[in-house]
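Report on the structure
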Amino acid sequence: MQTCEPRETVGTDGSKERARVVVLGAGPAGMAAALRLAEAGLRALVLDQARAPGGQIYRDLDQPQLDAAVMGKDYHRGRALVGAFLDAARRGEIDYRPGTRVWWIEALDDALNDALNDGLNDAHRLGVRGHDGISRELVAERLIIATGAMERGWPFPGWQLPGVMQAGAAQILMKQGALLTEGPPVLAGNGPLLYLLAWQYLNAGCPPRMILDTAPNLGLARTLRHPLRAWRARGYLAKGARMLATLRRAGVPVVRGVQSLAAEGDQRLTGVRYRRRGDDQEHKLKTDWLLTHMGVVPEPQLPRGLGIEHRWQEAQQAFVPDRRDDLSVRPGVWLAGDGGGIGGAMNAEREGRLAALAVLDELMADLMDKPQDTTANAKGAAAPRPDADNRRAVARDSARESARAIARESAALRRRRRLDLSGRRLLDALFTPPADWVERQPGETLICRCEGVSQAQLKAALGAGPAGPNQLKAFTRCGMGPCQGRLCGTNVSRLMAREQGRDMDEVGYYRIRPPLTSITLGELALAPSDHLTTQSQ
Amino acid sequence: MFKRHERATATPEVTITIDGAPYQVPSTLSVAAAVLMHQGAAGYRRHAAGGHRAPLCMMGVCHDCLITIDDAPNRQGCLVTVEQGMRVRRQLDEAAATATRWDTANHASGDEQRGRDDADL
């Protein structure tokens with residue numbers, strides 16, 4: 001491939017930089033995409049907020065803190081991918097920039113695109129806060145979004161108390177520094193990550209005090225309803241069964257059918273209250289640590305910031321971006337990995353490669369197009385020399401051969417992806433969070449942690465008949481805090497849908513505007529001035 | 001508090017201060033992880049409404065890890081890796097808790113946000 005370098009490089013004065021392919025996120029999808037592009041000689045610019053590549057699932061594998069005996073083989077499996085990515089970056093085949101954050105993204109309109117991009121293709125402008133804290137603007141000709149998933153915001157009374165954390169946070173502390181809670185934690189919720197964390201804590205010699213499982217007891221019935229899916233998901237199911245058996249043997253109590261949960265304490269957690277289905281008695285438990293999990297959902301900020309349409313997926317109980325078969329979400333933009341719908345790390349890797357192949361396919365098509373509109377012929381000028389014609393034909397043939405190879409590789413990846421995802425849909429069914437959880441909570445439960453807005457306040461404001469989540473936000477400040485609605489957004493839509501008897505797609509979600517990540521006014525002031533102009537228009 | 005597992009991989013350490021007191025921590029930790037390790041979750045930060053908060057997600061989503069790093073307030077402690085000599089200060093007084101709200105550019109509409117910033121300046 002020719003011109004593989006960005007055509008312009010960094011302007012240290014804060015001027016524009018442009019790149020042919022930008023990958024957002026260095027988790028399994030982002031790493032796989034950049035590696036596949038590097039294989040084809042295309043140097044992608046990879047922006048990631050973390051210190052080291054890996055995303056959340058493979059984080060800190062450049063310096064693993066605990067071995068596979070504690071963390072499990074699935075985590076350490078990521079070492080190969082992280083290692084290959086870092087090697088390629090060291091060789092200069094990937095332009096990897098850790099510690100960077102994209103806080104602003106915009107698709108250029110046609111006129112602006114023609115002026116800035118010679119009309120080559122749709123381009124996107126990004127505001128990037130560098131490791132040095134200075135913001136710069138970046139023009140991306142093609143963009144692969146691989147920003148992954150986050151844990152679902154799951155409110156219950158007292159979830160804002162210090163001592164309550166998400167299970168993923170506890171796992172991040174293990175990966176980052178082999179850190180474990182002092183004293184055994186109580187785990188609550190549902191989903192594969194909850195049991196994985198319990199198993200990892202057990203392996204580390206700190207068995208959890210108790211697991212409070214909130215799943216409705218439909219597991220087995222649902223599994224039997226989909227025998228083919230069960231077969232395809234057998235790997236996941238067997239792994240889960242082994243973990244559960246190990247936890248049982250170790251005597252970790254698992255309480256099933258938990259219907260309500262509350263954290264108690266003044267300035268920190270001191271205990272947990274819970275109630276089981278069909279049991280009037282409330283149980284109390286003293287604990288310093290409550291680790292909760294209710295599944296993961298696509299991280300919404302970047303796709304929403306770019307105006308990508310989302311649809312409510314009942315099975316995943318989440319808004320999921322609309323993607324085409326080739327994973328594209330608009331011209332020049334692809335969305336790979338869990339950010340496009342939860343499929344897990346292996347699927348994310350596959351999707352990363354698929355997105356890279358789609359980019360390569362487009363570039364190949366450009367190459368094949370070029371010889372056909374030879375300007376010399378069009379103008380009827382001197383007849384082209386036979387040897388030049390021949391060279392062009394050879395280049396065209398080789399581009400066609402490459403395009404065919406890309407098509408074959410994509411087809412194989414798509415087949416495996418389809419099978420894997422079909423099995424995974426069974427996990428969705430097994431671990432569906434209770435759809436009425438939010439509205440069932442006592443009125444004082446905080447829905448918006450940032451602005452301290454309770455469920456009762458929201459219900460009262462809903463009585464005033466707001467048209468949508470944005471108006472409700474204006475009424476209550478719910479979703480206006482620094483987390484930018486990421487922990488409350490879906491819950492607010494859900495409350496609204498229930499109270500007003502509308503469906504989730506009709507209710508929709510907050511309108512996401514820049515800054516997409518929190519950035520201080522000081523940092524904003526350091527940004528090159530022309531985006532501020534654009535923003536105020 | 002969080003304890004480091006005895007079978008943890010040997011990792012280079014750096015010295016940081018938390019509210020003026022020096023601590024040695026593994027160089028792979030985020031600032032939030034270092035504070036959880038040595039100070040625990042209680043008293044991590046004060047919320048504008050008065051109650052105490054501590055990190056929920058550790059991956060840049062919840063913003064309950066906001067903390068002052070080398071005199072810069074409201075940094076997301078979970079996204080900043082510790083460095084030798086780093087000065088970390090928990091935001092526990094009322095002024096700091098209130099400032100959290102205004103200093104972080106958020107979703108308020110432009111006019112509303114500007115009004116508040118002016119009031120704060």
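Our subject in this report is the structure included herewith. Small disclaimer: the values here were computed from a predicted structure and weren't measured. (Residues numbered from 1 in each chain as written. Chains lettered and ligands numbered in written order. Predicted model: local features only at pLDDT ≥ 70, side-chain atom pairs only at ≥ 80, totals over all residues. Heavy atoms only, no water.)

Further remarks concern the overall build of chain A. Helix and strand counts for chain A come out as 21 helices and 24 strands. Taking all 537 residues of chain A together, 57% fall into the buried category. Pairs at least 24 apart in sequence give 68% of the contacts found in chain A among residues at least 6 apart. Approximately 21,800 Å² of chain A is accessible, and the part contributed by carbon and sulfur atoms is 51%. (Helix = DSSP H or I, 4+ residues; strand = E, 2+ residues; numbered from the N terminus. Buried < 20%, exposed > 50% of the residue type's maximum accessible area, 1.4 Å probe, protein only. Contact = heavy atoms within 4.5 Å. Areas by Shrake-Rupley, 256 points an atom, 1.4 Å probe, with all protein chains shown as cover.)

Turning our eyes to something else, we now look at the sheet that holds strand E6 (residues 66-69) of chain B. Residues and elements named next belong to chain B. What the five strands build is an open sheet, ordered E3-E2-E8-E6-E7; its pairing is mixed. Among the strands making up the open sheet, the edge pair consists of strand E3 (21-26) and strand E7 (72-76). Along the sheet, successive strands turn relative to each other by an average axial angle of 40 degrees, direction set aside. Bridge count between strand E2 (residues 13-18) and strand E8 (residues 87-89): two bridges; the pairing is parallel. By the bridge assignment, Thr17 is partnered in E8 with Arg87. (Pairing = 2+ DSSP bridges. Axes fitted to C-alpha atoms, helices over the stretch in contact; angles between N-to-C directions.)

So, about helix H1 (residues 28-39) of chain A. All names here are of chain A. End to end, H1 covers 16 Å across twelve residues, agreeing with the expected 16 Å (1.5 Å per residue, within 8%). Most of H1 sits out of view: eleven of its twelve residues are buried. Those residues of H1 not exposed but buried are Pro28, Ala29, Gly30, Met31, Ala32, Ala33, Ala34, Leu35, Arg36, Leu37 and Ala38. Looking one or two residues beyond H1, the residue adopting positive phi is Gly41, at roughly 85 degrees. (Expected span 1.5 Å × (residues − 1).)

Turning to empty space enclosed by the protein, a few remarks are in order. Residues and elements named next belong to chain A. Throughout the structure, instances matching the rule amount to five cavities of 30 Å³ or more. Considering only enclosed or pocket space, the largest cavity measures out at about 170 Å³ in volume. Considering the residues around the largest cavity, the lining is formed by 18 residues, among which Met150, Val297, Pro298, Thr490 and Tyr509 are closest to the centre. Contributions of two or more residues to the lining of the largest cavity are made by strand E17 (296-298), strand E19 (318-321) and helix H18 (489-500). Sort the elements by how many residues they give to the lining of the largest cavity and H18 lands first, with four residues. Looking at the lining of the largest cavity residue by residue, the class counts come to nine nonpolar, five polar and four charged. Two domains each donate at least three residues to the lining of the largest cavity, and these are domain 1 (17-150 + 298-359) and domain 3 (437-502). (1 Å grid on protein atoms, 1.4 Å probe; cavity = no way out; pocket = protein on both sides within 12 Å on 5 of 7 lines; lining within 4 Å. Points joined across faces, edges and corners; volume = space filled by probe spheres on them. Nonpolar A, V, L, I, M, F, W, Y, C, P; charged D, E, K, R; others polar. Domains from an automatic or database assignment.)

Residue and element names in this part refer to chain A. A large share of strand E10 (residues 186-190) lies buried, amounting to five of its five residues. Burial along E10 is two-sided: the face carrying Val186, Ala188 and Asn190 and the face carrying Leu187 and Gly189 are both buried. Read as a crossover between parallel neighbours, the route from E10 over helix H7 (residues 192-203) to strand E11 (residues 210-213) is right-handed. Sheet topology note: the E10/strand E16 (residues 290-294) ladder contains five bridges and is parallel. Across the sheet, the residue bridging to Leu187 is Leu291, located in E16. (Right-handed = clockwise from strand over helix to strand, strands pointing away.)

What follows is about the pattern of salt bridges. Residues and elements named next belong to chain A. Applying the stated criterion across every chain yields a total of 38 salt bridges over all chains. Notably, a salt bridge pairs Asp87 with Arg90, separated by 2.9 Å at the nearest N-O pair. Taken together, the positions of Asp87 and Arg90, both in helix H4 (residues 78-90) and three residues apart, correspond to about one turn of that helix. You can call Arg90 exposed: its relative accessible area is 62%. Between Glu439 and Arg498 there is a salt bridge, with the nearest N and O atoms lying 3.5 Å from each other. Note that Glu439 is positioned in helix H15 (residues 437-440) and Arg498 in helix H18, a separation of 59 residues in sequence. Note on Glu439: relative accessible area 27%, which makes it partly exposed. One salt-bridge network, in which partners are shared between bridges, spans Glu17, Arg43, Asp95 and Arg97. (Salt bridge = Lys/Arg side-chain N within 4 Å of Asp/Glu carboxyl O.)

Attention shifts here to the environment of Arg477 of chain A. Topologically, Arg477 of chain A is positioned in the loop between helix H17 (469-476) and H18. On a C-alpha basis, the gap between Arg477 of chain A and Glu451 of chain A in space is 6.5 Å, while along the polypeptide they are 26 residues apart.

This paragraph deals with the nonpolar core. Grouped together as the largest cluster of nonpolar side chains are 171 residues, with contacts concentrated most on Leu24, Leu126, Leu143, Ile144 and Leu212 of chain A together with Met58 of chain B. Apart from residues lying up to four places away in sequence, Leu24 of chain A is in contact with Leu47, Val102, Ile105, Leu126, Leu143, Ile144, Ile145, Ala146, Thr147 and Leu302 of chain A. (Core = buried A, V, L, I, M, F, W, Y, C linked by side-chain atoms within 4.5 Å.)

The residue after Pro514 of chain A, namely Pro515 of chain A, is reached through a cis peptide bond having omega 0 degrees. Even without a glycine there, the phi angle at Met58 of chain B is positive, about 60 degrees. Along the chain, Met58 of chain B falls in the loop between strand E5 (52-53) and E6. The buried category is assigned to Met58 of chain B, whose relative accessible area is 2%. Here Asp70 of chain B, not a glycine, exhibits a phi torsion of approximately 45 degrees, which is positive. Along the chain, Asp70 of chain B falls in the loop between E6 and E7. A relative accessible area of 36% means that Asp70 of chain B is categorised as partly exposed.

What follows covers the interface of chain B and chain A. The interface of chain B with chain A comprises 49 residues on the first partner and 64 residues on the second. Of the roughly 5,000 Å² buried between chain B and chain A, counting both surfaces, carbon and sulfur atoms make up 54%. Across the chain B-chain A interface, the total number found is one salt bridge. Salt-bridge contacts for Arg449 of chain A lead to Asp64 of chain B; the nearest nitrogen and oxygen are separated by 2.7 Å. Summed over the shared surface of chain B and chain A, the number is 21 residue pairs in polar contact (both at pLDDT 80 or more). Breaking the side of chain B that touches chain A down by element, the ones donating at least two residues are strand E1 (2-4), helix H1 (31-39), E5, E7, helix H2 (94-103), strand E9 (104-105) and helix H3 (110-120) of chain B. (Buried area = accessible area lost by both parts, 1.4 Å probe. Polar contact = N/O pair within 3.5 Å; in protein donor to acceptor, adjacent residues only side chain to side chain.)

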